[in-house]
Amino acid sequence: NSNEERVSPRKSAPKREFAIRNPDGSMPGPYVWRQFQEGYNWVQDAPPVLVAVAAIIKDTFGETVNHFIIIEYDDPKITVANPHHDKDDQWADGASFFNLSFVEGGATGTPRRFQILNKAKQVVWERALAHNSCLKVDGKTNREFKHAVPPRKDEAHSKRWSIVCRHLVSTMKESTDPADMRSANYLVTSPQSLQRWGFAPDFAFPFAIDCASIITWKNGTTTHLCDLIDLREKCFYRSLLKNQAVDARDFDLLDAALTWAQENGVGFPASSRAYYHDKIRRLLDSDAATKGVTTEASAAGPVIKKARQD
């Protein structure tokens, strides 16, 4: 169920993450894709078919891959990939990524377009990735250009599944030290939230509770999985507080949200603070305009004035 594979009501493509274990039993990754942090301890062992894919890529391109994300593009407009660079701070030096495409209906289905864009956001390369195709994007191209899977235009819709293959050198392994046993603090993405968002009551999402997963990064530093989740949950909660303040057009709520974020290590930069204050003023102006009044900003907050009746 694609809805159960999303961890929030955000509109993103459902995904599954797999990896081929290292000789010491550690799991490559998790790939910090910044979308799905609560699932970082949900990396599954690669089935034989993906192990075979890795062998074919090695034979064909001479490159190692040990990590796979399967993505389902199940909607022509919602499930897209906006222009982005893949995060390569966990990749092996000089690594590429490989994108395998599978189209509903095979050769008779309608493939999705894949784009390469320059810094001016101009499409410099575009191809409909055919069923059973493999696209290689080398590291230099990934750093210098963005790539995207845009919404469909007027073409017929067929589902697309992609397998994105990478070589990760960061690892995650369960610690045997009892002192490392911890639970993440789920401020937003909690079991209760999943039920509110429409997940099945018995949905077995692997929350990091009584967890001893230690991530070792490319540079040798380590992070407890729960620290990573706690940081992201604070970011989620910061956004929740900020959005509530903006929706309420309330400067005091916004200032309280910004203060909470600063005190919890996820503060907004000064430019963002000014932006959201200005956004509330614009919303107040828009609201007032529909009622025949305008607002004027002052140090004490917005001042309501009657509109001129010319």
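Residues numbered from 1 in each chain as written. Predicted model: local features only at pLDDT ≥ 70, side-chain atom pairs only at ≥ 80, totals over all residues. Heavy atoms only, no water.

1. What about the pairing of strand E10 (residues 146-149)?
Across a regular strand the side chains alternate sides, sitting on one face of the sheet and then on the other.
Right, so step 1: Where strand E5 (residues 81-84) lies against E10, two bridges are found, and the strand directions are antiparallel. Along E10, the bridge assignment pairs Ala81 with Val149.
Right, so step 2: Alignment of strand E7 (residues 113-117) against E10, held across three bridges, turns out to be antiparallel. By the bridge assignment for E10, Ile116 is matched with His147. (Pairing = 2+ DSSP bridges. Helix = DSSP H or I, 4+ residues; strand = E, 2+ residues; numbered from the N terminus.)

2. A closer look at the confidence of the model for the protein
Right, so step 1: With 85% of its residues at a pLDDT of 70 or more, the protein has an overall mean of 84.
Right, so step 2: Here residues 298-310 scores under 50 on pLDDT; set against residues more than four positions off or in separate chains, the count is 20 contacts. (pLDDT = per-residue confidence, 0-100. Contact = heavy atoms within 4.5 Å.)

3. Topic: the sheet that holds strand E4 (residues 67-73)
Right, so step 1: One open sheet holds the six strands; their spatial order is E3-E1-E4-E11-E6-E9, and the pairing between them is mixed. Looking at strand neighbours, the two that pair on one side only are strand E3 (44-45) and strand E9 (133-137), the edges of this open sheet.
Right, so step 2: Bridging between E4 and strand E11 (residues 160-166) involves seven bridges; their strand directions are antiparallel. Bridging across to E11, Ile71 finds its partner in Ser162.

4. Things to note about the environment of Gly220
Right, so step 1: As for its placement among the helices and strands, Gly220 is situated in the loop between strand E13 (213-216) and strand E14 (222-224).
Right, so step 2: Between the C-alpha atoms of Gly220 and Ser170, which are 50 residues apart in sequence, the distance is 8.5 Å.

5. Brief notes about the side chain of Asn142
Right, so step 1: Secondary-structure assignment places Asn142 in helix H2 (residues 139-144).
Right, so step 2: Residues within four places of Asn142 in sequence aside, it is in contact with His85, Asp86, Asp88, Trp91, Phe97, Val137 and His147.

6. A word on the packing of aromatic side chains
Right, so step 1: Taken as a whole and judged by the stated rule, the model has six aromatic pairs.
Right, so step 2: Relative to Phe97, the ring of Trp91 lies with its centre 6.2 Å away and its plane at 70°, an arrangement referred to as edge-to-face. With respect to class, Trp91 is no different from Phe97; both count as buried.
Right, so step 3: Between Tyr275 and Tyr276 the ring centres are 5.0 Å apart and the planes differ by 75°, which places this aromatic pair in the edge-to-face class.
Right, so step 4: Residue Tyr275 is classed as partly exposed on the basis of its relative accessible area, which comes to 41%.
Right, so step 5: By relative accessible area, which is 14% here, Tyr276 ends up buried.
Right, so step 6: Among the aromatic residues, ring-to-ring pairing joins Phe268, Tyr275 and Tyr276 into one connected group.
Right, so step 7: Over the ring of Phe97 we find Arg166, and its NZ or CZ is 6.0 Å from the ring centre. (Phe/Tyr/Trp six-rings, centres within 6.5 Å; stacked < 30°, edge-to-face > 60°. Buried < 20%, exposed > 50% of the residue type's maximum accessible area, 1.4 Å probe, protein only. Lys NZ or Arg CZ within 6 Å of the ring centre and 35° of its normal.)

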